[in-house]
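Below are the chains, spelled out letter by letter.
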Amino acid sequence: MDLTNIGRVKEHFPMKEVTSFEIGGPVDYFIEPETEEELIRAVLRLDEEKIPWMIMGKGTNMVVSDKGIRGAVIRMGAFFEDIKIEGNRVIAEGGASMRRVAEAAQRESLAGLEFAHGIPGGIGGAMTMNAGAYGGEMKDVVESVRVLHRDGTIEVLSNEELHFEYRNSRVYTDNLIVLSATFILEPGDGALIQEQMDDLWNRRTTKQPLEYPSAGSTFKRPVGYYAGQLIDQAGLRGLRHGDAQVSEKHCGFVINRGNATCREVVELIRTVQEAVYQKHGVELETEVKVLGEK
């Protein structure tokens, strides 16, 4: 494969170094474009050479196979993190973290993104899965998203055209790459916005096992229930499989106690799903994505 003019490329790169779970074997090609032009060239070249590829941002909602990923991973990293404020609109590139975007809005006394302050990950992932927390979701504040199609064309999609659903959107279903997102917010009181962000951050840090590597909430919220509560009631709090464990602090999280493997995580998730179904008759669907060679 021609590796020129597509950004920084590393071969046989260990994915555990760039995922929040700190798990994963090597990917054949780890590509970090520095410009949109390099990004487009990378996508087109990979497709031309029939090399499978995937896009990633902060790596906060994924666990990678111990065997790694065959093909290429393109990361929207430090070269796609710009944030601009235009009136009551915040325009953030796909690699910008949700926390930085929320803080930028607060500095301009713009309200609406307080719920996103503690969401791990970046803009690209947030658009892909309609990320949300504490009663807010991306669909509530996004005006439009600028995306790259696999054929190298760029399009701006409106909120309605993005087809936001619970933990899903057209970005995911159509395999689009998020270049930037525009949020439309409301004028507010900067001090009150900061106070609310601090409160939500404190709630997150006191109730979630942020001291351990994980991919955040492991399971989607089943209709009418809370996943963590169902898991706890099934007697699984603290259940451990190797170095993968159901968090004692929040049962909705599977954590890496130090040297967990992807296999251990996946097997523990299946154990939890089976036990919850037997106890409650509820099927838990995973929010975390398992990627790579089986």
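Residues numbered from 1 in each chain as written. Predicted model: local features only at pLDDT ≥ 70, side-chain atom pairs only at ≥ 80, totals over all residues. Heavy atoms only, no water.

What follows is about helix α5 (residues 190-207). With 18 residues, α5 ought to run about 26 Å at 1.5 Å a step, and its terminal C-alpha atoms sit 26 Å apart, in line with that. Every buried residue of α5 is listed here: G190, I193, M197, L200 and R204. Down the axis, α5 shows its buried residues gathered within 100 degrees of arc, on one side only. Along α5, the residues that are exposed and aim more than 90 degrees away from the buried face are A191, L192, E195, T206 and K207. Turning to α5, the residues buried within the fold contact α2 (98-107), β8 (110-111) and β9 (132-133). In this structure D189 caps α5, since a side-chain oxygen of it lies 2.8 Å from the backbone nitrogen of A191. (Helix = DSSP H or I, 4+ residues; strand = E, 2+ residues; numbered from the N terminus. Expected span 1.5 Å × (residues − 1). Buried < 20%, exposed > 50% of the residue type's maximum accessible area, 1.4 Å probe, protein only. Arc of directions from axis to C-beta. Contact = heavy atoms within 4.5 Å. Polar contact = N/O pair within 3.5 Å; in protein donor to acceptor, adjacent residues only side chain to side chain.)

Turning our attention to the sheet that holds strand β13 (residues 177-184). The five strands lie next to each other as β6-β7-β13-β11-β12, forming an open sheet whose pairing is antiparallel. The outermost strands of the open sheet, each flanked by one partner alone, are β6 (83-86) and β12 (154-158). Strand after strand, the sheet turns through a mean of 15 degrees between neighbouring axes, direction not considered. Relative to strand β7 (residues 89-93), β6 is paired through four bridges, and the arrangement is antiparallel. Bridging from a neighbouring strand, E86 pairs with R89 of β7. (Pairing = 2+ DSSP bridges. Axes fitted to C-alpha atoms, helices over the stretch in contact; angles between N-to-C directions.)

The final tally for this structure, using the stated rule, is one aromatic pair. Relative to F30, the ring of F13 lies with its centre 4.4 Å away and its plane at 20 degrees, an arrangement referred to as stacked. Of this pair, F13 sits in strand β1 (residues 8-14) while F30 sits in strand β2 (residues 26-32); the two residues are 17 residues apart in sequence, bridging distant segments of the chain. There is no split in this pair, since F13 and F30 are both buried. One residue, R99, lies across the ring of W201, its end atom 4.2 Å from the ring centre. (Phe/Tyr/Trp six-rings, centres within 6.5 Å; stacked < 30°, edge-to-face > 60°. Lys NZ or Arg CZ within 6 Å of the ring centre and 35° of its normal.)

Moving on: the pattern of salt bridges. Counted according to the given criterion, the structure contains 21 salt bridges. A salt bridge links D174 to R170; the nearest nitrogen and oxygen atoms lie 2.9 Å apart. (Salt bridge = Lys/Arg side-chain N within 4 Å of Asp/Glu carboxyl O.)

Let's shift gears to the side chain of R45. With respect to the helices, strands and loops of the structure, R45 is situated in helix α1 (residues 36-48). On the basis of relative accessible area, R45 is assigned to the buried category, the value being 14%. Setting aside residues no more than four positions away along its own chain, R45 makes contact with D2, L3, T4 and I6.

In this numbering, the UniProt entry assigns the feature "active site" (unreviewed entry) to R167, S217 and E287. Spatial clustering of the annotated residues is evident: they stretch over 121 residues in sequence, but the largest pairwise C-alpha distance comes to 11.6 Å. Here R167 lies in the loop between β12 and α4 (170-173). For R167, a relative accessible area of 14% translates into the label buried. Excluding residues that lie within four positions of it along the chain, R167 makes contacts with M129, N130, A131, G132, E137, K220 and E287. You can see E287 is positioned in the loop between α7 (262-280) and β18 (289-291). The class of E287 is buried, set by a relative accessible area of 11%. If we ignore the near neighbours within four places in the chain, the residues touching E287 are N61, M129, Y166, R167, S217, T218, F219 and K220. (UniProt positions renumbered as here; feature names shortened; annotations may be inferred.)

Moving on, we get to the sheet that holds strand β5 (residues 69-75). The four strands are arranged β1-β2-β5-β3 in an open sheet whose pairing can be described as mixed. This sheet does not close on itself; its edge strands, each paired only once, are β1 and β3 (53-56). This sheet shows a mean twist of 25 degrees between the axes of neighbouring strands, independent of strand direction. The pairing of β1 with β2 spans six bridges and is antiparallel. Each residue of the ladder has a partner; that of E11, found in β2, is Y29.

If you look at the biggest cluster of nonpolar residues, it comprises 33 residues, and the most contacted ones within it are L113, I123, M127, M138 and F183. Of all the elements in the fold, those that place two or more residues in this core are β7, α2, α3 (123-129), β11 (142-148) and β13. In this structure, M138 is in contact with M98, F115, A116, A126, M127, N130, A131 and F183, ignoring residues within four places of it in sequence. With 25 residues, the next largest nonpolar core counts F219, V254, I269 and V282 among its residues. (Core = buried A, V, L, I, M, F, W, Y, C linked by side-chain atoms within 4.5 Å.)

This next bit is on the environment of M76. Looking at where M76 falls in the secondary structure, it is placed in the loop between β5 and β6. With 17 residues separating them in the primary sequence, M76 and E93 have C-alpha atoms 9.2 Å apart. Once residues within four sequence positions are removed from consideration, M76 is found in contact with L39, I55, M56, G57, G95, I177, V178 and L179.

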